[in-house]
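Here is what each chain is made of, one letter per residue.
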Amino acid sequence: MDTNLSNRRVKDSSAKLIFGDDVLCAQFLRGYVNIPLLKEVQAEDIEDVTHRYVHMFTEERDSDVVKRVRIKDREAPCYLISLIEHKSNVDYNVVMQIFRYMAFIWEDYEKEMEKRQEGISRTKDFRYPPILPIIFYDGLGDWTAATRFQDRIMLTDIIGEYVPDYRCMLLQLKDYSNAQLMEKQDELSILMMLDKIQSMAEFVDLSQEVKPEWLTDITMRSPEYLLKIMVQVTEGLLAKINVPQKEAEAFTDRIKERRMGEWFSNFEAFDVQESRRKIREEVRIELQEEVRKEVQEEMEWKAIENLIKFGKNNGISKENIKNNIKEQYSLKEEDAAEKVEMYW
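One structure accompanies this document, and this report is about it. Small disclaimer: the values here were computed from a predicted structure and weren't measured.

1. Observations concerning the overall build of the chain
The helix and strand tally for the chain stands at 13 helices and 5 strands. In the chain, once contacts between residues fewer than 6 apart in sequence are set aside, the share between residues at least 24 apart is 64%. Element-wise, carbon and sulfur atoms account for 49% of the exposed surface of the chain, whose accessible area totals about 20000 Å².

Pasting the structure below:
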């Protein structure tokens, strides 16, 4: 699987890593989609056909994944095309975007069937495969956009029966507690918990809630490439919550070495932003102190200059003036003498 993603949005890239993998996608369909036909889906039943729709992608669409899923125990081949739409932010036009995918998917299916048997799509019994449109939303707030297609079309209250319609299945990650996710007992549940985290505080909460043996049991049986996906998702998460690089490397090393059960051993919460704020405050105080010293020194020099010129104008000897400024300003003998010669 190609994990070198060009998409600059970390969250969408994480979704591409998760849903682009057949094993994780099968876990998602079995564990999060309440459709009996999908409860037995395995990775070998899934075919990634995303490449057929690359021409529709822009950078904003780069997280989309299109899968073709074979339904078992059917006499004739039957395909369910599952389209997973990942959104970190509410997109009010998502149902129209998915509708475009549907049209391309059905057109692509028709062409494929026509290659096998010319004219098949014009026969009475020909049917197009069902499409399951899923919006996977991992934002902080509730999804507030329409999930029904007709809600984006005008006058459907008058001519609605003549307008196409469908409803997207909305899955909000925030609706699942960590306890519910841990019940899934698979790699996807770990990635889902990581995807939920938005701050260091939530990461600390996870460290207190997750069971080390649960992490160990799952990762000990995980294939090597799934561990690499976990590493990539974890790297993005730790960067987002400002974990220092050395500490982040310790976390990812434990995944690579199948020691994820030790993930939170000797864990300390870090907040780089707060550390940087303290450093900036220290620098500000140091600068203020330097400026104060410079101003004070400049004022002293001016006072010494005025004192020397006053003594000269009033017939006071250099020696007396030197001794006076030496005592008053705690100067060395040679420094006091230098000042007298400079301003005499």
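2. Some details on unusual backbone geometry
With a phi angle near 65°, Leu155 is a residue other than glycine that sits in the positive phi range. Assignment of secondary structure puts Leu155 in the loop between strand E4 (131-137) and helix H4 (156-159). Its identity as a non-glycine residue notwithstanding, Arg258 has a phi of 60°, on the positive side. Looking at where Arg258 falls in the secondary structure, it is placed in the loop between helix H10 (245-256) and helix H11 (272-313).

3. Digging into the layout of surface pockets
Over the atoms a probe the size of a water molecule is rolled, and this reveals where empty space is left. Put simply, the second largest pocket is a space of about 220 Å³. What lines the second largest pocket is a set of 14 residues, and nearest its centre among them are Met193, Lys196, Ile197, Gln198 and Glu202. At the level of secondary structure, the elements contributing two or more residues to the lining of the second largest pocket comprise helix H6 (187-196) and helix H7 (200-209). Among the elements that make up the lining of the second largest pocket, the one with the highest residue count is H7 (4 residues).

4. Considerations on the packing of helix H2 (residues 22-32) against H6
Remark: H2 packs on H6, axes separated minimally by 9 Å, with the N-to-C direction vectors making an angle of 85°. Accordingly, the angle class assigned to the pair H2 and H6 is roughly perpendicular. Residue-level inspection shows Leu24, Gln27, Phe28 and Tyr32 of H2 in contact with H6, the latter providing Glu187, Leu188, Ser189, Leu191 and Met192.

5. What about the pattern of salt bridges?
Side chains that differ in charge, positive against negative, can pair when their charged atoms come close. Counted under the stated rule, the structure contains 18 salt bridges. Put simply, Arg259 and Glu262 hold a salt bridge, and the shortest N to O gap is 2.7 Å. Shared partners join several salt bridges into a network, and the residues in it are Glu47, Arg52, Arg68, Asp108, Glu112 and Arg116.

6. Considering helix H8 (residues 212-220)
Buried within H8 we find Trp214, Leu215, Ile218 and Thr219. What you see down the axis of H8 is that its buried residues fit within an arc of 115°, all on one side.

7. Here's the deal with the pairing of E4
Regular strands place side chains that alternate from one sheet face to the opposite one. The buried fraction of E4 is high, at 7 of 7 residues. By the alternation rule, side chains of E4 split into Ile131, Pro133, Ile135 and Tyr137 and Leu132, Ile134 and Phe136, which are all buried. Direction of pairing for E4 relative to strand E5 (residues 169-172): parallel, over a ladder of 4 bridges. What sits directly across from Ile134, in E5, is Met169.

8. As for the pairing of strand E2 (residues 65-70)
Along E2, 5 of the 6 residues are buried, which leaves the element largely enclosed by surrounding structure. In this structure, strand E1 (residues 46-48) lies alongside E2, joined through 3 bridges in antiparallel fashion. By the bridge assignment, Asp48 is partnered in E2 with Lys67.

9. What to know about H7
Residues Met200, Phe203, Leu206 and Ser207 constitute the buried set of H7. One side of H7 holds all its buried residues, which, seen down the axis, span an arc of 110°. Where H7 is buried, its residues touch helix H5 (178-182), H6, helix H9 (224-240) and H10.

10. Focus on the environment of Glu334
Mapped onto the secondary structure, Glu334 falls in helix H13 (residues 333-343). When its relative accessible area of 51% is taken as the criterion, Glu334 is described as exposed.

11. Description of the packing of aromatic side chains
Under the definition given, this model contains 14 aromatic pairs. Between Trp263 and Phe264, the ring centres sit 5.4 Å apart and the planes meet at 75°, which makes this aromatic pair edge-to-face. Like Phe264, Trp263 is buried. Taken together, the ring pairs in this structure connect Phe28, Tyr32, Phe136 and Tyr176 into an aromatic cluster.

12. As for the nonpolar core
Counting 54 residues, the largest nonpolar core has Phe28, Leu29, Phe203 and Trp263 as the members making the most contacts within it. A total of 8 residues in this core trace back to one element, the largest contributor, which is H9.

Quick notes on the rules
- Residues numbered from 1 in each chain as written.
- Predicted model: local features only at pLDDT ≥ 70, side-chain atom pairs only at ≥ 80, totals over all residues.
- Heavy atoms only, no water.
- Helix = DSSP H or I, 4+ residues; strand = E, 2+ residues; numbered from the N terminus.
- Contact = heavy atoms within 4.5 Å.
- Areas by Shrake-Rupley, 256 points an atom, 1.4 Å probe, with all protein chains shown as cover.
- 1 Å grid on protein atoms, 1.4 Å probe; cavity = no way out; pocket = protein on both sides within 12 Å on 5 of 7 lines; lining within 4 Å.
- Points joined across faces, edges and corners; volume = space filled by probe spheres on them.
- Axes fitted to C-alpha atoms, helices over the stretch in contact; angles between N-to-C directions.
- Parallel < 35°, antiparallel > 145°, perpendicular 65-115°, else oblique.
- Salt bridge = Lys/Arg side-chain N within 4 Å of Asp/Glu carboxyl O.
- Buried < 20%, exposed > 50% of the residue type's maximum accessible area, 1.4 Å probe, protein only.
- Arc of directions from axis to C-beta.
- Pairing = 2+ DSSP bridges.
- Phe/Tyr/Trp six-rings, centres within 6.5 Å; stacked < 30°, edge-to-face > 60°.
- Core = buried A, V, L, I, M, F, W, Y, C linked by side-chain atoms within 4.5 Å.

Any link to function would need more than the numbers given here.
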